[in-house]
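Survey of secondary and tertiary structure
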Amino acid sequence: MDWKSFAAEAAGGSLKYVLIMAAIIIPVMIMLELAREKKLLEKLAAKTGPVLKIFGMSPEASFPLLAGFIFGISYGAGVIIDSYRSGRITVKDMILVNIFLSVCHAVVEDTALFLALGASPLVIIAGRLAAAIIITYLASRSVFIRKYGEGAGG
Amino acid sequence: MTAVIKRGVVKGLTVTLELAKIVVPVYILVTFLKYTPVLGYIAKTAQPLMKLVGLPGEASVAIVLGYFTNLYAAIGAIASLNLSSKETTIIATMLLIAHSLPMETAVSKKVGVSGLAMVTIRVALSVAAGAVLNLVM
């Protein structure tokens, strides 16, 4: 085994990737913080709410959905729990939001990480979004979700 | 405004550090495997299965790491494998649809969704996405 070229490749390559990641992820995190400061989520949620009808969900569910979609599960979970406890979304909507987010969350950060490896960001987001729409649509029509009924309020 | 930017920088550095802690050791390990016959053997064994999603056999290492541990470990492996841009896009989409399965199963159980059902559906969607992207890209 060629130990010398192994050491050079392992050290040089891993360092290079960490630097590329840092160069991409730090600006991305700054943009996300600015978006949060400017209440971008609230504005976007008002516009996208009606689309959720295809899943039989109320427009109010778009705020927690977008929170997880854009900022990730840990931030999204807080918003989901808060929306549910304050009665803005139903148990059914909460479960559907979780199902959607299980395949499609933190799209900005996750996509940035793979961008650093040379992947195409648009294809990744489209692929994940398609998978999330399929799984959420199927779940919204399933017997499993029907038992949670249509009633509003948590 | 400066406080917001500072918060972004701190978060970016935190993610980079968390990432480096996993990416660097995995990168070194996979690079080591490349210099031994082990990776070649894994690649040959996985080749028929990986062909379905247009990936080389050695990419199976990254898929297994991503499904069973987390994305960062998978990223470390992908970085050391020298995949093409198409292959990287396919593996990225597959892994982003399904990753950290043992941990996230526990989470879905908490909200009243069957963990096994979620894992099955996510892996199926992940493989389907890989196969579709391989055909259309």
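Thresholds, definitions, all that
- Residues numbered from 1 in each chain as written.
- Chains lettered and ligands numbered in written order.
- Predicted model: local features only at pLDDT ≥ 70, side-chain atom pairs only at ≥ 80, totals over all residues.
- Heavy atoms only, no water.
- Helix = DSSP H or I, 4+ residues; strand = E, 2+ residues; numbered from the N terminus.
- Buried < 20%, exposed > 50% of the residue type's maximum accessible area, 1.4 Å probe, protein only.
- Contact = heavy atoms within 4.5 Å.
- Areas by Shrake-Rupley, 256 points an atom, 1.4 Å probe, with all protein chains shown as cover.
- Lys, Arg positive; Asp, Glu negative; His and termini not counted.
- Charge placed at Lys NZ, Arg CZ, Asp CG, Glu CD.
- Phe/Tyr/Trp six-rings, centres within 6.5 Å; stacked < 30°, edge-to-face > 60°.
- Lys NZ or Arg CZ within 6 Å of the ring centre and 35° of its normal.
- Polar contact = N/O pair within 3.5 Å; in protein donor to acceptor, adjacent residues only side chain to side chain.
- Buried area = accessible area lost by both parts, 1.4 Å probe.
- Salt bridge = Lys/Arg side-chain N within 4 Å of Asp/Glu carboxyl O.
- Patch = residues over 30% accessible without salt bridge, like charges linked within 9 Å, V, L, I, M, F, W, Y side chains within 5 Å.
- pLDDT = per-residue confidence, 0-100.
- Expected span 1.5 Å × (residues − 1).

Right, let's talk about the overall build of chain B for a bit. Regarding its fold elements, chain B presents seven helices and zero strands. For the C-alpha atoms alone, the extent of chain B along its principal axes is close to 50 × 40 × 30 Å. Across the 137 residues in chain B, those meeting the buried criterion constitute 50%. A fraction of 67% describes how many contacts in chain B between residues 6 or more apart in sequence connect residues 24 or more apart. Of the roughly 6500 Å² of accessible surface on chain B, a fraction of 75% belongs to carbon and sulfur atoms. Averaged over its 11 positive side-chain charges, chain B has a centre that lies 6 Å from the centre of its 4 negative ones.

Using the criterion set out here, one finds seven aromatic pairs over all chains in the structure. Plain terms: the ring middles of tryptophan 3 of chain A and phenylalanine 32 of chain B are 6.0 Å apart, the flat faces sit at 35° to each other, and that makes the pair tilted. Of this pair, tryptophan 3 of chain A sits in helix H1 (residues 3–37) while phenylalanine 32 of chain B sits in helix H1 (residues 2–34), each in a different chain. For phenylalanine 32 of chain B, a relative accessible area of 28% corresponds to the partly exposed category. An angle of 70° between the planes, with centres 5.2 Å apart, marks the rings of phenylalanine 71 of chain A and tyrosine 75 of chain A as edge-to-face. In this structure phenylalanine 71 of chain A comes out as buried when scored by relative accessible area, which is 11%. Members of the aromatic cluster, each reached through a chain of ring pairs, are Trp3 and Phe6 of chain A together with Phe32 and Tyr35 of chain B. Stacked on the ring of phenylalanine 71 of chain A, the Lys or Arg arginine 36 of chain A has its end atom at 4.8 Å from the ring centre.

This part covers the environment of arginine 141 of chain A. Residues and elements named next belong to chain A. Secondary-structure assignment places arginine 141 in the loop between helix H7 (121–140) and helix H8 (143–146). Counting along the chain gives 85 residues from arginine 141 to glycine 56, while the straight-line C-alpha distance between them is 8.7 Å. When residues no more than four places from it in sequence are discounted, the contact partners of arginine 141 are Ile54, Phe55 and Arg146. In this structure the side chain of arginine 141 is engaged in a polar contact, spanning 3.4 Å, whose partner is the backbone oxygen of isoleucine 54.

Another aspect to go through is the interface of chain B and chain A. Each side of the interface is counted separately: chain B has 44 residues, and chain A has 44 residues. A buried area of about 4000 Å², summed over both sides, lies between chain B and chain A, and 77% of it is on carbon and sulfur atoms. Between chain B and chain A we count four salt bridges in total. The salt bridge involving arginine 7 of chain B is made with glutamate 33 of chain A; its shortest N-O contact spans 2.8 Å.

Once that is clear, we can look at helix H4 (residues 71–81) of chain B. The buried count for H4 of chain B comes to 11 of 11 residues, which makes it a mostly enclosed element. The complete set of buried residues in H4 of chain B reads Leu71, Tyr72, Ala73, Ala74, Ile75, Gly76, Ala77, Ile78, Ala79, Ser80 and Leu81 of chain B. Tucked into the core, H4 of chain B has its buried residues touching H1 and helix H6 (107–115) of chain A together with H1, helix H2 (37–50), helix H3 (60–68) and helix H5 (85–97) of chain B. A positive backbone phi angle near 55° is found at asparagine 82 of chain B, which sits one or two residues after H4 of chain B.

A cluster of nonpolar residues, Val132, Leu135, Val136 and Met137 of chain B, forms a patch on the protein surface that exposes about 430 Å² of accessible area. The residue leucine 135 of chain B is located in helix H7 (residues 115–136) in this model.

A few words now on the confidence of the model for chain B. When the pLDDT values of chain B are averaged, the result is 93; 100% of them are 70 or greater. H5 of chain B holds the highest mean pLDDT among the elements of chain B, 98, whereas helix H6 (residues 101–110) of chain B holds the lowest, 80.

Turning to H7 of chain A, a few remarks are in order. A rise of 1.5 Å per residue sets the reference length of H7 of chain A, with its 20 residues, at 28 Å; its end C-alpha atoms lie 28 Å apart and thus fit the reference within 8%. Every buried residue of H7 of chain A is listed here: Ile124, Gly127, Arg128, Ala131, Ala132, Ile135, Thr136, Ala139 and Ser140 of chain A.

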